[in-house]
Amino acid sequence: MHARSGSLRRRCRSIGHAAVVAMLLVALAAAFLVAPTERTMGDAQRIVYLHVADAWVGLAGALVMAAAGAAYLVRRNLRWDHWAQAAAELGWLGATLTLVTGSLWAHAAWNVWWTWDPRLTTALILWALYSGCLLLRGGVDDPHRRARLGAVLAIAGAADLPLVVMATRWFRGMHPAAPAMEPSMRAVLLASVLGFTALFALLLVLRRHQLELQRLVEELTESEKEMPC
Amino acid sequence: MASLEMTARLWWILWKDLVSECRARRAWPAMLLLGIVVAFTFAGQMDLPPDEQKRVAGGLVWLAIFLAGMLALERSFASERENGCWQGLRLCPVSSHAVYLAKLAVNVVALAALQGVLIPLFVVLSGVPLLAHPAAMLLVAALGNVALAAAGTLLGALTAGSRNTAHLLPLLLLPMAVPAVLAAAEATRLAMDGQFGAPWRQWTELLAAFAVLFTTIGIMLFDFVIEE
């Protein structure tokens, strides 16, 4: 019975992985084959399909991190901290890719690699917050203290999120707030965001599972050391 | 009655920190000295036409306050970790809210002292009319002070529990306080020009919102930070 449920779980996992890969391949093919070439920027405009999806992953990571942090503070269960840690790492990756792809876009559109546009600045702030969060976590040994401090920082950092989202409305910058797009372009953008969201969810689950296993190994090693020879 | 008692206890911690700083002189002299050195360095770069000078002065003043103020913010909890004072503070019959508010008040006093030195110093060294409208400047300075102190007190307590305390606070506080520094710099620039229209109100409100937000977050979450 146990072996059968294990095999079923493995099969479900394989189907899930295959679905995520298929979604990403569809988004990639659509970005190059379905989406029309933009008139002024040409093929460089296709960066947007990756850039927006990365930015969404960067934001989603911060939201998951803050929610998991709040759940830890209420429940005091390290499982929630593993979700927060996994979200912090993936959010950092999303924010880094947002900055890189944004810089490539800026060079193609405005002929500069970086500009102090408010939304770019707030994306940089988000990236720096993730980096600080990971550094803070790396500097604390006790897992529960690490979880508590990480949770407080994640919640405080989430308070900065409205600035990231509302930046273009609050300040006037050169970043396109809601660029006018062809319906087919919008459909490709949606496919890309969905594909990256699925990839984010999959990596989040895998990384959380890995952190869980790592904690189990640490606990077993500790108990082995304490056992009399 | 309860609030009167809390105010009294808050005052004890504030007084304890101020007396300790006056006797040991651990952070404030270094903070003031760094502020003066930074002000001289920045003033040397402000040999510009008056309009250009006004455009950059607000940002440079607030950057100087931020950089030098970091020393006081970092020490406010790091000093408690030394010599086992942290345990003593936790054993105090006061709520964690009172400890946070007392530490916030100490940091507000430290930053006010820094602003009291740096703002006139910038006026003397570079001739920028920072005090052309003193009431507006006072309001922006007070809001900016509370905003930086509120975020700095919470993050100072957070990083005091980490191995790399001294390096972490600037790394965390700078991105977190960017909206406050930007708003303070812009409100200062507009106040110098006497432009008190909608943009000035917008920046001042953003600064006030940041101060209120981080004071509230600090009060709500401080208990989790000082827990052992």
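On a predicted model such as this, the values are computed, not experimentally measured, just so you know. (Residues numbered from 1 in each chain as written. Chains lettered and ligands numbered in written order. Predicted model: local features only at pLDDT ≥ 70, side-chain atom pairs only at ≥ 80, totals over all residues.)

Our next topic: the overall build of chain A. Scanning chain A for helices and strands turns up seven helices and zero strands. N-terminal to C-terminal, the α/β element order of chain A is α-α-α-α-α-α-α. Scored against the burial criterion, the 229 residues of chain A give a buried share of 37%. Partitioning the contacts of chain A with sequence separation of at least 6, the portion at a separation of at least 24 is 79%. (Helix = DSSP H or I, 4+ residues; strand = E, 2+ residues; numbered from the N terminus. Buried ≥ 20, exposed ≤ 12 C-beta atoms within 10 Å, placed from the backbone. Contact = placed C-beta atoms within 7 Å.)

Time to look at the overall build of chain B. Helix and strand counts for chain B stand at eight helices and zero strands. Scanning chain B from its N terminus toward the C terminus, one meets helices and strands in the order α-α-α-α-α-α-α-α. What you see for chain B is a C-alpha radius of gyration of 18 Å, in line with the 17 Å of a compact globule of 228 residues. Based on the C-alpha atoms only, the size of chain B along its principal axes is roughly 55 × 35 × 30 Å. Looking at chain B residue by residue over its 228 residues, the buried ones come to 47%. Within chain B, contacts between residues at least 6 apart in sequence are counted, and of these 82% link residues at least 24 apart. (Rg over C-alpha atoms; globule rule 2.2 N^0.38 Å.)

The interface is formed by 20 residues belonging to chain B together with 19 residues belonging to chain A. Taken together, the elements giving at least two residues each to the side of chain B that touches chain A come down to α6 (134-160), α7 (165-192) and α8 (198-226) of chain B. It is α7(B) that contributes the most residues to the side of chain B that touches chain A, seven residues altogether. Considered class by class, the residues forming the side of chain B that touches chain A number 14 nonpolar, four polar and two charged. (Nonpolar A, V, L, I, M, F, W, Y, C, P; charged D, E, K, R; others polar.)

This part takes up unusual backbone geometry. Leave glycine aside and you will find that most residues have negative phi; peptide bonds, for their part, are mostly trans. All names here are of chain A. Phi is positive for Arg76, which is not a glycine, with a value near 60 degrees. For Arg76, the location among the structural elements is in the loop between α2 (47-75) and α3 (78-110). You will see that Asn111, though not glycine, has its phi angle at about 65 degrees, which is positive. With respect to the element layout, Asn111 can be found in the loop between α3 and α4 (118-138).

Of all residues in chain A, 90% attain a pLDDT of 70 or more, and the chain-wide mean is 87. Ranking the elements of chain A by mean pLDDT puts helix α6 (residues 161-170) of chain A last with 58 and α2(A) first with 94. (pLDDT = per-residue confidence, 0-100.)

Attention now moves to the packing of helix α3 (residues 50-81) of chain B against α6(B). To describe two helices that pack against each other, one gives the angle between their axes and the distance between the axes. Residues and elements named next belong to chain B. Interaxial distance between α3 and α6 falls to 9 Å at its minimum, and their mutual angle equals 40 degrees. In terms of axis orientation, α3 runs oblique to α6. Like other packed secondary-structure pairs, α3 and α6 cross with a definite hand, here right-handed. For the pair formed by α3 and α6, the contact residues are Trp62, Phe66, Gly69, Leu73, Glu74, Ser76, Phe77, Ala78 and Arg81 on the first element and Gly144, Leu148, Gly152, Thr153, Gly156, Ala157 and Ala160 on the second. Of the residues that constitute the contact of α3 with α6, the class distribution is eight nonpolar, six polar and two charged. (Axes fitted to C-alpha atoms, helices over the stretch in contact; angles between N-to-C directions. Parallel < 35°, antiparallel > 145°, perpendicular 65-115°, else oblique. Left-handed = near helix turned anticlockwise from the far one by under 90°.)

So, on to the environment of Met220(B). Summarising the element assignment, Met220(B) is placed in helix α8. Take Met220(B): there are 15 C-beta atoms within 10 Å of it, and that puts it in the partly exposed class.

Let's shift gears to the environment of Leu91(B). Of note, Leu91(B) is situated in helix α4 (residues 85-91). Taking the C-alpha atoms as reference, Leu91(B) lies 48 Å from Ala132(B); in sequence the two are 41 residues apart.

The next thing to look at is the packing of helix α2 (residues 28-44) of chain B against α3(B). All names here are of chain B. In the contact formed by α2 and α3, the axes pass within 8 Å of each other and the chain directions differ by 155 degrees. The pairing of α2 with α3 is recorded here as roughly antiparallel in orientation. Note that α2 runs across α3; the crossing there is right-handed. Contacts between α2 and α3 involve Trp28, Ala30, Met31, Leu34, Gly35, Val38, Ala39 and Phe42 from the first element and Leu60, Ala64, Leu67, Ala68, Gly69, Leu71 and Ala72 from the second. In terms of residue class, the contact of α2 with α3 is built from 13 nonpolar, two polar and no charged.

With 129 residues, the main nonpolar core has Ala84(A), Ala87(A), Val61(B), Ala147(B), Ala151(B) and Leu207(B) as its most contacted residues. Of the residues forming this core, the biggest block, 17 residues, is contributed by α7(B). (Core = buried A, V, L, I, M, F, W, Y, C linked by C-beta atoms within 7 Å.)

What follows is about the confidence of the model for chain B. All names here are of chain B. Averaged over every residue, the pLDDT of chain B is 88; residues scoring 70 or more account for 97%. Across chain B, α6 holds the top mean pLDDT of 94, while α4 sits lowest at 78. Interface predicted TM-score (ipTM) for the complex: 0.87; the corresponding pTM is 0.87.

A few words on α2(B). Residue and element names in this part refer to chain B. The end-to-end C-alpha distance of α2 is 24 Å, a good match for the 24 Å that 17 residues give at a rise of 1.5 Å each. Those residues of α2 that fall on the buried side of the exposure criterion are Met31, Gly35, Ala39, Phe42 and Ala43. Along the long axis of α2, the arc covered by the buried residues comes to 95 degrees, so they all point the same way. For α2, the exposed residues set more than 90 degrees away from the buried face come down to Pro29, Leu33, Thr41 and Gly44. For α2, the elements touching its buried residues are α3 and α5 (96-126). (Expected span 1.5 Å × (residues − 1). Arc of directions from axis to C-beta.)

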